[in-house]
Amino acid sequence: MATYGRDDVGHLEEALESLVRQTLKPSEVVLVEDGPISAEARLVVERYRAVLNIKSVVMPGNVGLATALNEGLRQCANEVVARFDSDDIAVPERFARQLVAIEGDQSADVVGCFAQEMDIAGKLGGMRSMPVGHEQILENLWACPIIHPSVIYRRSRILAVGAYRTDLRRSEDYDLWFRCAKAGLRFANLPEALILHRFDQTSHLRHSFGDAFERAMTGYRGACLLGMPVWKRLACFVPLLRAVLPTPLRHPAYRFLSRFDPRRKTPVKGADI
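1. A few points about the sheet that holds strand S1 (residues 2-3)
Here comes step 1: Read across the open sheet, the 3 strands follow the order S1-S2-S3; overall the sheet is parallel. Strands with a single pairing partner mark the edges of an open sheet, and in this sheet they are S1 and strand S3 (54-58).
Here comes step 2: As paired strands, S1 and strand S2 (residues 29-33) are joined by 2 bridges and run parallel to one another. If you follow threonine 3 over to S2, its bridge partner there is glutamate 33.
Here comes step 3: Of the strands in this sheet, S1, S2 and S3 are in contact with helix H3 (residues 65-75), which crosses S2 at around 145 degrees.

Written out as structure tokens, the structure is:
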């Protein structure tokens, strides 16, 4: 996990509490402080330090997620590492289910899962489902069919492909999956929502045009690296086209384009996400 000064302290507490409630407890929690954190956040971390065996990795300043995660990976003691975000919630069976999956299939290197979306206040939204098997994930890799904070992976193999690229602002996971695929690593997604993932109808509106351009180019380069068909390479630019729309039109465009997204999304009755 990584956290930084602008993270919501309440969300951080919920995330850590969800780790306490795991049926299979983590042997350690490597928490990277990406620059100074607030006094309130420090109190939350200290409250959970002993029960979760939290190992704090303190960066000298705000270095960005990719650099923070790379340092965290180097500090992990175990071969199998779970990624998690400081504002998400893990359901109690998450680690138990995923560890069985990755240890039971020695060919699996990266194992993700579905996710239940929730907004900032914790109200549930749509269910995000993903391609499940390795071949299906590879075919749809241009659409990033792996939810980054849902994965567990083999540490040595992630480090062997160079881990996260530190020159990317928001596409470090997208780029990593392409390089993993090129190196022959194998993927899987468990067909159940094992995390509650913070996402609402403003999440994609906060990304700048530069962020959208970076993501489009990351997808295009990755699709070329794997020799994907031209239409898949060009499809990586769809989010960029959405980013140039006037703000009021972006969410309707997002909802319309979601119908064609291989990362299926099932609405929840009464949800407005």
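Structure shown, so let's carry the discussion forward.
2. What to know about the environment of proline 149
Here comes step 1: Relative to the elements of secondary structure, proline 149 occurs in the loop between helix H5 (134-139) and strand S8 (152-154).
Here comes step 2: A relative accessible area of 5% places proline 149 in the buried class.
Here comes step 3: As for proline 149 and isoleucine 195, which are separated by 46 residues in sequence, their C-alpha atoms are 8.4 Å apart.
Here comes step 4: Beyond its immediate chain neighbours, meaning those up to four positions away, proline 149 contacts Arg83, Phe84, Asp85, Asp88, Arg94, Ile195 and His197.

3. Here's the deal with the side chain of arginine 155
Here comes step 1: Counting through the fold element by element, arginine 155 comes out in helix H6 (residues 155-160).
Here comes step 2: As a buried residue without a salt bridge, arginine 155 has its nearest oppositely charged side chain in glutamate 79, at a separation of 5.3 Å.
Here comes step 3: Polar side-chain contacts of arginine 155 include one of 3.2 Å to the backbone oxygen of arginine 74.
Here comes step 4: Not counting residues within four places of it along the chain, the set of residues in contact with arginine 155 comprises Leu73, Arg74, Cys76, Asn78, Glu79 and Val81.

4. So, the pattern of salt bridges
Here comes step 1: Enumeration over the complete set of coordinates arrives at 17 salt bridges.
Here comes step 2: Among the salt bridges present, the one from glutamate 13 reaches arginine 47, with a minimum N-O distance of 2.6 Å. You can see glutamate 13 sitting in helix H1 (residues 9-20) and its partner arginine 47 sitting in helix H2 (residues 39-52), a full 34 residues away along the chain.
Here comes step 3: Taking the relative accessible area as the measure of exposure, glutamate 13 reaches 29% and is therefore partly exposed.
Here comes step 4: Linking aspartate 211 and arginine 170 is a salt bridge whose minimum nitrogen-to-oxygen distance equals 2.9 Å. In this pair, aspartate 211 is assigned in helix H8 (residues 209-225) and arginine 170 in the loop between H6 and helix H7 (172-182), connecting sequence segments 41 residues apart.
Here comes step 5: By sharing partners, the salt bridges in this structure join Arg165, Asp167, Asp175 and Arg179 into a single network.

5. A closer look at the layout of surface pockets
Here comes step 1: Taken as a whole, the second largest pocket holds about 570 Å³ of empty space.
Here comes step 2: Contributing to the lining of the second largest pocket are 27 residues, with Pro26, Glu28, Val80, Val81 and Ala82 lying nearest its centre.
Here comes step 3: Elements with a minimum of two residues in the lining of the second largest pocket: S2, H3, strand S4 (80-82), helix H4 (94-104) and S8.
Here comes step 4: When residues of the lining of the second largest pocket are assigned to their parent elements, the largest contribution, 4 residues, is made by H3.

6. Quick look at the pairing of S3
Here comes step 1: Bridge count between S2 and S3: 5 bridges; the pairing is parallel. By the bridge assignment, glutamate 33 is partnered in S3 with valine 58.
Here comes step 2: Traced from S2 through H2 to S3, the parallel crossover comes out right-handed.

7. So, H2
Here comes step 1: End to end, H2 covers 20 Å across 14 residues, agreeing with the expected 20 Å (1.5 Å per residue, within 8%).
Here comes step 2: Where H2 is concerned, the buried positions are Ala41, Val44, Val45, Tyr48 and Leu52.
Here comes step 3: Just past H2, the residue asparagine 53 takes up positive phi, approximately 50 degrees.

Calculation criteria
- Residues numbered from 1 in each chain as written.
- Predicted model: local features only at pLDDT ≥ 70, side-chain atom pairs only at ≥ 80, totals over all residues.
- Heavy atoms only, no water.
- Pairing = 2+ DSSP bridges.
- Helix = DSSP H or I, 4+ residues; strand = E, 2+ residues; numbered from the N terminus.
- Contact = heavy atoms within 4.5 Å.
- Axes fitted to C-alpha atoms, helices over the stretch in contact; angles between N-to-C directions.
- Buried < 20%, exposed > 50% of the residue type's maximum accessible area, 1.4 Å probe, protein only.
- Lys, Arg positive; Asp, Glu negative; His and termini not counted.
- Salt bridge = Lys/Arg side-chain N within 4 Å of Asp/Glu carboxyl O.
- Polar contact = N/O pair within 3.5 Å; in protein donor to acceptor, adjacent residues only side chain to side chain.
- 1 Å grid on protein atoms, 1.4 Å probe; cavity = no way out; pocket = protein on both sides within 12 Å on 5 of 7 lines; lining within 4 Å.
- Points joined across faces, edges and corners; volume = space filled by probe spheres on them.
- Right-handed = clockwise from strand over helix to strand, strands pointing away.
- Expected span 1.5 Å × (residues − 1).

Purely spatial values, then, with no claim about function.
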